Amino acid sequence: MKKLLKQTLRSALQNCEKHPDNREALTRILPLAKQEYRARAQRQSIPFGGFLVRQIRFLGKRVWFSQALLLLLLCLLVNTGYNIRSGITSLTFVPFLLGCCSVLLLTAAVPMLYRSVRFQMLETEAAARFSVSRLLLARLCIIGSGDLVMLTALLLFAIQKSGLSAGGILLYLLVPFLLTASGYLTILAHMAYRLFPYLGSTLSACLLAGLYYLKKWQPAFYGHTFTPGWGMICLILLLFCMRQVKTISRRDRFMEGQFHLG
Amino acid sequence: MKLCIEHLTKNFQDKKAVEDVSLRITPGVWGLLGANGAGKTTLIRMIAGILVPSSGRITYDGIDIRDLGESYRSIFGYLPQEFGFYPEFTVKDYLEYMAALKGLSRQKTREKIDLLLDTLSLSDVRKKRIVKLSGGMKRRVGIAQALLNDPEVLILDEPTSGLDPGERVRFRNLLSEFAQDRIVLISTHIVSDVEYIATCNAIMKDGGITAEGTTEELVLEMKGRVWNGIIPDTDLLKYERENRIVNLRNEAGHKISVRYISDEPVLPCSVPASPRLEDLYLWLFPQDTRREEDMKHEFMES
C-alpha cells in the first residue's frame, strides 16, 4: 500500500473515533484508494527490450545464420568479380557488384519479415499484447543488426581485396542499401501487409535493373566517392527510414485484406 | 467487467459481413451461434481488435478498446478458427514464444506452461514438433496459448473442432471452471459446445443478431414446435422431404422414431417433445438440415 494512502487512512481512522460524522476524510481517501487499485489492476509485463531479447532465441539465430551464409556467398561473388575484371574495368564492375550485394542483403530478409503470414501465425500474434507492429519492429532490429555487421564485413573485405578507395566502396554499399531499406519500410508502413513480398521483390528487381542500367549506359556513375553531398543524401534516407519505423510501430491495420468473409 | 458492442458494422467491398450488432457481454460463458457465413468470425475478429469496424465501437468497462490498445490485449486471450505454427516449433517453444508476445516474464511463463500442459494433457508431447501432432492435439495447444496470460476476456472461435467427445467434455468443464468472474465467448455452430455451459447466447444470421438471451429463454421460443413421432420405415423419404427432421432412431417392427420441428403435429403418433437449443438453431437455420437431407437422398438414390 502506498505511503500516502496509509498515512491518510491512519489519521482518518484516528479522527473517526472523535468525529464519527466527518466525511471529509473519506473524500481524501477515495481518490488515493482508486489510484492504488488501478495501479495493482495493471498487469506486470516485460518491456519491449526484454521482448526483443527473447525474440533472439526464436528468430535471431535463424536470421544471423542465414545472413552469415549470404555474406560468405557475397564475398565469394565480389572476390570472383574482382578476379574476372581486374584493372580499369574493375573500377566500375566492383562498385556495381557491391551495390547489387547491398540490395540482395535486404531482399534476403523478405521471407523472414513475412513469416507470420506464410505460416498462418498472423491472427494469433495480432491479438497478443505486443502485437504485429512490435513484433515487426523486433524483427527489423534483429535483421538490421545483422545487416550492419554484414555491410561492415563487406566494406572491409572490398577495401582489402580491391584497390578502390574506402569512400567509394562505402558510397556504393550504403546508398543502394538505404534506398532499398526506405522502400521496404515504406511498404510495411503504408501498404497492405499481404502485398509486402511482391512489392518488396519488385522494388529490389527495379533497383538491380537500375544499377545495371547505370553500369551499361552511365559507367561514370561508378567513379564517384563519398562526398559531403552523398553524406547528406544518406542522412536524409536514414531519417526517412527511422520515420517509417516509427509509423510501423504504431500501425494497427496489418490484418485488413487478409481475410475472406466469415 | 463488461464488454459492450455498440452498433458494430463491417463492410467488405460490396458485402455487409456484420450489420448493426449490439451486445452487452458480462462475466460468464457466452455462446455465439450461427451457420457458416453468418458473420461470427468477423465479429469475433473485431472484438479481438484485429479488424477495424466500418462503424460502431467496442468498449471494455466503458473505454474504447482501440484506446486501451496494449492494456486490452494484455487481458485478452484468443483462439482463432484457423491458425498455424512455425514448422520448427515444439509445443514448449510455441508456448514460450506466445508467452513472450503476451509480455509474460520468464518465471511466469515457466509456471503457466507447466500448469497448462498438465491441465490439457500435453505434458507427454511438450518436446514434440507441433506439425507432427494430431489435429485434436494442435487444437489443445492453441487453447493453451489462449490461456497463458490468465485472460479476463477469452474468445474462442470453433474451439472444439477436431476434438473427440471425451476431449470436448474435458474442454467444456475446463471452460466452466475458468469462466467464473471472467468473460468467455465461444463462437460455434456446434450447439452442444455451449448448450450446457453457456449462461447466455446470441444467434447470428446474415450479419445480424436474430436472437439473444439465456439458454432457457431461447429454448422457450421452441415450446410447442418440437415433436416426437413414429413412422413406418418405408415412409421415411417421403416425410423427410416434407418436414424438418432433427433426429431419427430405428425402432422394432420396421418403425422409425422421429424428432421433428413444426408449428403443428404432422406425423403419425406425434407427442410434444422438450425443446433444446439445437432445435432453435435448426429452426432458424433450416438450410443446415436441408443440406444433410440432400446428401442423404443423393446417397440413397445412387
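Residues numbered from 1 in each chain as written. Chains lettered and ligands numbered in written order. Predicted model: local features only at pLDDT ≥ 70, side-chain atom pairs only at ≥ 80, totals over all residues. Heavy atoms only, no water.

**Looking at the nonpolar core**
Phase 1 of the analysis: The biggest cluster of nonpolar side chains holds 95 residues, and the ones touching the most others in it are A:Tyr193, A:Phe196, B:Leu3, B:Ile47 and B:Phe76.
Phase 2 of the analysis: Considering every element that reaches this core, the biggest residue donor is helix H9 (residues 166–190) of chain A, with 13 residues.
Phase 3 of the analysis: Setting aside residues no more than four positions away along its own chain, A:Phe196 makes contact with A:Val110, A:Leu113, A:Tyr114, A:Tyr184, A:Ile187, A:Leu188 and A:Ser201.
Phase 4 of the analysis: Membership of the second largest hydrophobic core comes to 68 residues, among which are A:Phe130, B:Phe83, B:Tyr86 and B:Met98. (Core = buried A, V, L, I, M, F, W, Y, C linked by side-chain atoms within 4.5 Å. Buried < 20%, exposed > 50% of the residue type's maximum accessible area, 1.4 Å probe, protein only. Helix = DSSP H or I, 4+ residues; strand = E, 2+ residues; numbered from the N terminus. Contact = heavy atoms within 4.5 Å.)

**A look at the domain arrangement of chain B**
Residues and elements named next belong to chain B.
Phase 1 of the analysis: For chain B, the assigned domains read domain 1 (3–218) and domain 2 (220–301).
Phase 2 of the analysis: In this structure, domain 1 and domain 2 have C-alpha centres spaced 33 Å apart.
Phase 3 of the analysis: Taken together, the 15 residues of domain 1 in the interface contact 12 residues of domain 2.
Phase 4 of the analysis: Summed over both sides, the interface between domain 1 and domain 2 buries roughly 1,200 Å², with carbon and sulfur atoms accounting for 67% of that surface.
Phase 5 of the analysis: Linking domain 1 with domain 2 are 0 salt bridges.
Phase 6 of the analysis: Our enumeration of links across domain 1 and domain 2 arrives at 8 residue pairs in polar contact (both at pLDDT 80 or more). (Domains from an automatic or database assignment. Buried area = accessible area lost by both parts, 1.4 Å probe. Salt bridge = Lys/Arg side-chain N within 4 Å of Asp/Glu carboxyl O. Polar contact = N/O pair within 3.5 Å; in protein donor to acceptor, adjacent residues only side chain to side chain.)

**A look at helix H11 (residues 277–284) of chain B**
Phase 1 of the analysis: Of all the 8 residues making up H11(B), 6 are buried; the element is thus mostly covered by neighbouring parts of the structure.
Phase 2 of the analysis: Within H11(B), burial applies to B:Leu277, B:Asp279, B:Leu280, B:Tyr281, B:Leu282 and B:Leu284.

**So, empty space enclosed by the protein**
Phase 1 of the analysis: Within the structure shown, the criterion is met by 2 cavities of 30 Å³ or more.
Phase 2 of the analysis: Here the largest cavity defines a volume of roughly 50 Å³.
Phase 3 of the analysis: With 3 residues, strand E6 (residues 76–79) of chain B is the largest single contributor of residues to the lining of the largest cavity.
Phase 4 of the analysis: Its residues placed into classes, the lining of the largest cavity shows 5 nonpolar, 3 polar and 2 charged.
Phase 5 of the analysis: Considering only enclosed or pocket space, the second largest cavity measures out at about 40 Å³ in volume.
Phase 6 of the analysis: Considering the residues around the second largest cavity, the lining is formed by A:Gln55, A:Phe58, A:Leu59, A:Arg115, A:Arg139, B:Tyr86, B:Glu88, B:Phe89 and B:Tyr97. (1 Å grid on protein atoms, 1.4 Å probe; cavity = no way out; pocket = protein on both sides within 12 Å on 5 of 7 lines; lining within 4 Å. Points joined across faces, edges and corners; volume = space filled by probe spheres on them. Nonpolar A, V, L, I, M, F, W, Y, C, P; charged D, E, K, R; others polar.)

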